[in-house]
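One letter stands for each residue in the lines below.
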Amino acid sequence: MIQLKQDNEGFVRMSRRFPAKTLISITFTDGTTGEYSGRRMNEIYDEALAAYRLGNNLDAKGFDRHPTKIHRRNGVDIVPVVSGMAP
């Protein structure tokens, strides 16, 4: 089981995808805990990555078709989570 802790801003650090059947325990800032599958956390990660790419005018593969600057890393390190989200 992987244990993650929510920070004060509502995020957990997740810089990679987890195996689908891995159990992940998240301790939220309000003191509650929740258990989620790796599959669910990967879905949350994918949503955060899509929002990042949309906000930075990148295409689905993460490429800027009209580059004005170089993006060193095309990913996210933190994902938003809330207490009581669907497992």
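Computed from a predicted model, the values in this text were never measured in an experiment. (Residues numbered from 1 in each chain as written. Predicted model: local features only at pLDDT ≥ 70, side-chain atom pairs only at ≥ 80, totals over all residues. Heavy atoms only, no water.)

With that out of the way, let us pick up the overall build of the chain. The helix and strand inventory of the chain stands at one helix and five strands. Overall, the chain shows an N-to-C arrangement of helices and strands of β-β-β-β-α-β. Across the 87 residues of the chain, 32% fall into the buried class. The contacts of the chain with a sequence gap of at least 6 include a subset with a gap of at least 24, amounting to 47%. Carbon and sulfur atoms make up 51% of the accessible area of the chain, which totals about 6,100 Å². (Helix = DSSP H or I, 4+ residues; strand = E, 2+ residues; numbered from the N terminus. Buried < 20%, exposed > 50% of the residue type's maximum accessible area, 1.4 Å probe, protein only. Contact = heavy atoms within 4.5 Å. Areas by Shrake-Rupley, 256 points an atom, 1.4 Å probe, with all protein chains shown as cover.)

What follows covers the pattern of salt bridges. One pass over the structure, following the stated rule, counts two salt bridges. R17 is the partner of D46 in a salt bridge, and the nearest nitrogen-oxygen pair spans 2.6 Å. A residue pair is termed long-range when its members are at least 10 positions apart, and D46 in helix α1 (residues 38–55) and R17 in the loop between β2 (11–13) and β3 (23–27) qualify at 29 residues. Between E43 and R40 there is a salt bridge whose closest N-O contact spans 3.4 Å. Linking E43 with R40, this pair stays in helix α1, spanning three residues, or about one helical turn. Under the relative-accessibility criterion, R40 is labelled buried at 17%. (Salt bridge = Lys/Arg side-chain N within 4 Å of Asp/Glu carboxyl O.)

Here we take up α1. The end-to-end C-alpha distance of α1 is 25 Å, a good match for the 26 Å that 18 residues give at a rise of 1.5 Å each. Buried within α1 are the following residues: G38, R40, M41, N42, I44, Y45, A48, L49 and R53. Phi for N57, located one or two positions after α1, is positive at around 55°. (Expected span 1.5 Å × (residues − 1).)

With that settled, the discussion passes to the pairing of strand β4 (residues 33–37). Consecutive side chains along a regular strand alternate between the two faces of the sheet. Only one face of β4 is covered, namely the one carrying G34 and Y36; the face carrying T33, E35 and S37 has none of its residues buried. Pairing of β3 with β4, which is carried by five bridges, proceeds in the antiparallel orientation. Following the sheet pairing, L23 is matched in β4 by S37. Linking β3 back to β4 in an antiparallel pair, the connection comprises five residues, with G31 at a positive phi of about 100°. (Pairing = 2+ DSSP bridges.)

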